[in-house]
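Descriptive analysis of the structure
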Amino acid sequence: MSVIDTRRSIRKYTAQSVAKHTIEQLIAAACLAPSARNQQPWDFLVVTDRQKLDAIPTVQHSCAFISQVPAAVIVCGDRHKNERFWPVDCAAATENLLLKAAELGLGSCWCAIYPLEQEMAGFKQLFGLPDQVEAFSLIVLGYPAEEKPQPDRDPAGHTHWEQW
Ligand SMILES: Cc1cc2nc3c(=O)[nH]c(=O)nc-3n(C[C@H](O)[C@H](O)[C@H](O)COP(=O)(O)O)c2cc1C
């Protein structure tokens, strides 16, 4: 629960790099997510090359802060593994990855790709994804240079017991 309490979308980062082993731990956590019929339709494209990172805002227009980070992971889904549920499964994997990043002291931000058709096409072209593979989410990763308090949310206001 402490990781759930402290994870926030971070948009200011230090210049510290992220070790390959750390990124592998994040992906291992993502792979432990639940998936429909356990099809695990996900793949993870790790980007650390500066030029490639800096090209991403040409296809995703609300991640300018990627210029500060040493790494990003693009969560991808394979339509052939589960045509109906791949986005749902990729969302579960994305959240697992974000929570593991928080546990390891990293900052992260989930940036939208799916279901934005232009962005999906842009990532497919930029990273040479196979036809049946779709980019689902962009996870920007690095060590945080900002602290964010736990937001004041309203679980009771979103809860309906027995009937709406
Ligand atoms: C599907 C999805 C798409 C998002 N896309 C972006 C994005 O493109 N750029 C961005 O800066 N944040 C993006 N976010 C982060 C949200 O803005 C953030 O989760 C929300 O403001 C709540 O803040 P918190 O994550 O700190 O709780 C996205 C989050 C989700 C779940």
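The structure presented is a predicted model; accordingly, all values stated were derived computationally and were not measured. (Residues numbered from 1 in each chain as written. Predicted model: local features only at pLDDT ≥ 70, side-chain atom pairs only at ≥ 80, totals over all residues. Heavy atoms only, no water.)

1. Considerations on unusual backbone geometry
Filter applied, for reference: Segments assigned H or I by DSSP are reported as helices when at least four residues long, segments assigned E as strands when at least two residues long, and all are numbered from the N terminus. Only protein chains enter the area calculation, which uses a 1.4 Å probe; residues under 20% of their type maximum are buried, those over 50% are exposed, and those in between are partly exposed.
The omega angle of the peptide bond from Tyr 114 to Pro 115 is 5°, so this bond is cis rather than trans. Within the secondary structure layout, Pro 115 lies in the loop between β3 (107–112) and α5 (117–127). Its identity as a non-glycine residue notwithstanding, Gln 40 has a phi of 45°, on the positive side. By secondary structure assignment, the location of Gln 40 is in the loop between α2 (20–30) and β1 (42–47). Of the residues examined, Gln 40 reaches a relative accessible area of 35% and is grouped as partly exposed. The backbone of Glu 162 sits at a positive phi, close to 70°, despite the residue not being glycine. Topologically, Glu 162 is positioned in the segment after β4 (133–142). Under the relative-accessibility criterion, Glu 162 is labelled exposed at 80%.

2. Focus: the UniProt feature "domain: Nitroreductase" (unreviewed entry) in the chain
Here is the rule: UniProt positions are given in the numbering used here, feature names are shortened, and annotations may be inferred rather than shown by experiment.
According to UniProt, the "domain: Nitroreductase" (unreviewed entry) feature falls on residues 4–78 and 82–143. The span residues 4–78 is 27% helical and 19% strand by assignment, and the distance between its end C-alpha atoms comes to 28 Å. Taken as a whole, residues 82–143 contains 47% helix and 26% strand, while its terminal C-alpha atoms sit 34 Å from one another.

3. Digging into α2
Cut-off, in case you're wondering: Directions are taken from the helix axis to each C-beta atom, and the arc is the one they span. Two residues qualify as a contact provided that any one of their heavy atoms is within 4.5 Å of a heavy atom in the partner residue.
Those residues of α2 not exposed but buried are Thr 22, Ile 23, Leu 26, Ile 27, Ala 29 and Ala 30. Seen end-on, α2 carries its buried residues on one side only, within an arc spanning 160°. Along α2, the residues that are exposed and aim more than 90 degrees away from the buried face are Lys 20 and His 21. Elements that come into contact with the buried residues of α2 comprise β1, β2 (71–78), α4 (86–103) and β4.

4. Thoughts on the layout of surface pockets
Put simply, the rule reads: With a 1 Å grid laid over protein atoms only, a set of points is called a cavity when a 1.4 Å probe fits there but cannot get out and a pocket when it is open yet has protein on both sides within 12 Å along at least five of seven lines; lining residues have an atom within 4 Å of a point. Grid points are joined across faces, edges and corners, and a volume is the space filled by probe spheres set on the points. Polarity classes work like this: nonpolar for Ala, Val, Leu, Ile, Met, Phe, Trp, Tyr, Cys and Pro, charged for Asp, Glu, Lys and Arg, and polar for all others, with Gly in that last group.
Put simply, the largest pocket is a space of about 260 Å³. In terms of lining, the largest pocket is formed by 17 residues, of which the most central are Thr 6, Arg 8, Ile 10, Leu 106 and Pro 144. Per element, the largest residue contribution to the lining of the largest pocket is three residues, and it comes from α4. Looking at side-chain class alone, the lining of the largest pocket contains six nonpolar, five polar and six charged residues.

5. Thoughts on the pattern of salt bridges
Our working definition: Throughout this description, the term salt bridge denotes a Lys or Arg side-chain nitrogen within 4 Å of a carboxyl oxygen of Asp or Glu.
Applying the stated criterion across every chain, the model contains six salt bridges. Taking the shortest distance from any N to any O, the salt bridge between Asp 54 and Arg 50 comes out at 3.0 Å. With Asp 54 and Arg 50 both in helix α3 (residues 50–55) and four residues apart, the pair spans about one turn of that helix. Judged by its relative accessible area of 34%, Arg 50 falls in the partly exposed class. Close ionic contact of Arg 79 with Glu 83 constitutes a salt bridge, the shortest N to O distance being 2.8 Å.

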